Amino acid sequence: MNIPERILMGPGPSTVPARILRAMSSPTLGHLDPRYIEIMDSVCIKLRKVYETENALTFPVSATGMAGMECVVTNLMEPGDEAIVCVNGVFGGRMVDVMERAGVTVHRLDVPWGEIFPLEMLGEAIQRYPKAKALGIVHAETSTGAHQPLEGLGNLLHDAGMLLIVDAVTSLGGHPLKVDEWGIDAIYSGTQKCLSCPPGLSPVSFSPRAVEITESRKTKVQSWYFDISMLKDYYKGSGKRAYHHTAPVNMIYALHEALTIVLEEGLEARHARHARLHRRLRAGLESMGIQYVPEHSLHTLNCIHIPEGADDAAVRAKLLDDYSIEIGAGLGPFAGKAWRIGLMGHSATQANVDLVLAALVDCLE
Ligand code: PLP
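Structural notes, computed from the coordinates.

Definitions and cut-offs
- Residues numbered from 1 in each chain as written.
- Predicted model: local features only at pLDDT ≥ 70, side-chain atom pairs only at ≥ 80, totals over all residues.
- Heavy atoms only, no water.
- Buried < 20%, exposed > 50% of the residue type's maximum accessible area, 1.4 Å probe, protein only.
- Helix = DSSP H or I, 4+ residues; strand = E, 2+ residues; numbered from the N terminus.
- Arc of directions from axis to C-beta.
- Contact = heavy atoms within 4.5 Å.
- Pairing = 2+ DSSP bridges.
- Salt bridge = Lys/Arg side-chain N within 4 Å of Asp/Glu carboxyl O.

### Considering helix α7 (residues 208-215)
Move 1: Taken residue by residue, α7 has A210, V211 and T214 as its buried positions. End-on, the buried residues of α7 take up no more than an arc of 100 degrees, which puts them together on one face. The exposed set on the far side of α7, more than 90 degrees from its buried face, consists of P208, E212 and E215.
Move 2: Residues of α7 that are buried make contact with β2 (57-61), α3 (65-76), β10 (202-206) and α8 (228-236).

### Things to note about the sheet that holds strand β11 (residues 301-305)
Move 1: Pairing in this open sheet of three strands is antiparallel, and the strands run β11-β14-β13 from one edge to the other. Looking at which strands have only one partner, the edges of the open sheet turn out to be β11 and β13 (328-329).
Move 2: Sheet topology note: the β13/strand β14 (residues 338-342) ladder contains two bridges and is antiparallel. In the strand pairing of β14, A329 is matched with W339.

### Brief notes about the pattern of salt bridges
Working definition: two side chains of opposite charge can pair if their charged atoms are close together.
Move 1: Applying the stated criterion across every chain yields a total of 16 salt bridges.
Move 2: Notably, a salt bridge pairs R241 with D41, separated by 2.7 Å at the nearest N-O pair. In this pair, R241 is assigned in the loop between α8 and α9 (249-265) and D41 in helix α2 (residues 34-51), connecting sequence segments 200 residues apart.
Move 3: Put simply, E265 and R273 hold a salt bridge, and the shortest N to O gap is 2.7 Å.

Pasting the structure below:
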């Protein structure tokens, strides 16, 4: 196939370390083989550590981040339920769509793309829609680079008897994410961003309260594949482990290795590395006169205005051809107006930051 080596500094996937690729090439075991089950149990234990949660139901859904979104929404919500969904970019918009397809009446909260939701605004919405069962929000909006603070939101929702659903696809492993402390009831992520694993799995976690709510559903979960009432027996190992679907065995090896690498580095050190490299990149870009789109920027995804007179596609093509660096184009209203530079996991190194800055200087000449 002759695949080129790239430096992946776009919105994901990020560069996958050789250690993870080697783990993936280990012999494929049967998905009920005792040794495989040990590895899968270990993945779930490590995921709890990375999500900073005691939630028993924490496991990787066998598909990408969107599957995590569908798994969380279809299990927690029933047709006729109401939900508040916060939209400040592409992925909040997708959550609205997934909720509506599940028969949910959505009260959509919008702020301009690139901005975040102040806690007061969320508090007012909770009062305005007392019948809502849940509020859905994106922690790291990959389309705009906005970093949504979550502290305090879980308490507001729980006081009103509602659930907090969080999209953490671009934050898990790159930004602090304290599932239990922040009162998050259901959360999903992806393997291909700050965990630097290939795309293909979506780590999810459900609080005991969220699980109770799914146990008292009046209707069947509309998706067979994502129904946690069946999945939990396989992942929680509650005695019997029966066939549900054929687990993507080699991807589980990859995730095991990726989580081992995260925990070897340590969560605090890893978050600090992403913060430090974001500051270095930001200082370099700003010294070139390039401005960030969001005021509250993620460390993991740097969304910047394309400088006046620069040819969007030509610059990205030159970065790829001459430097083998991938950066991301703008999405939606930012198409042709913004670039997205990812600093995720294994791609977040000082060498990469300095190289992308030098390469941009060259490509913008
Ligand atoms: N949510 C966010 C914030 C994302 O950035 C992405 C992917 O980029 C997704 C959801 C969907 O994940 P996937 O593309 O892995 O299905």
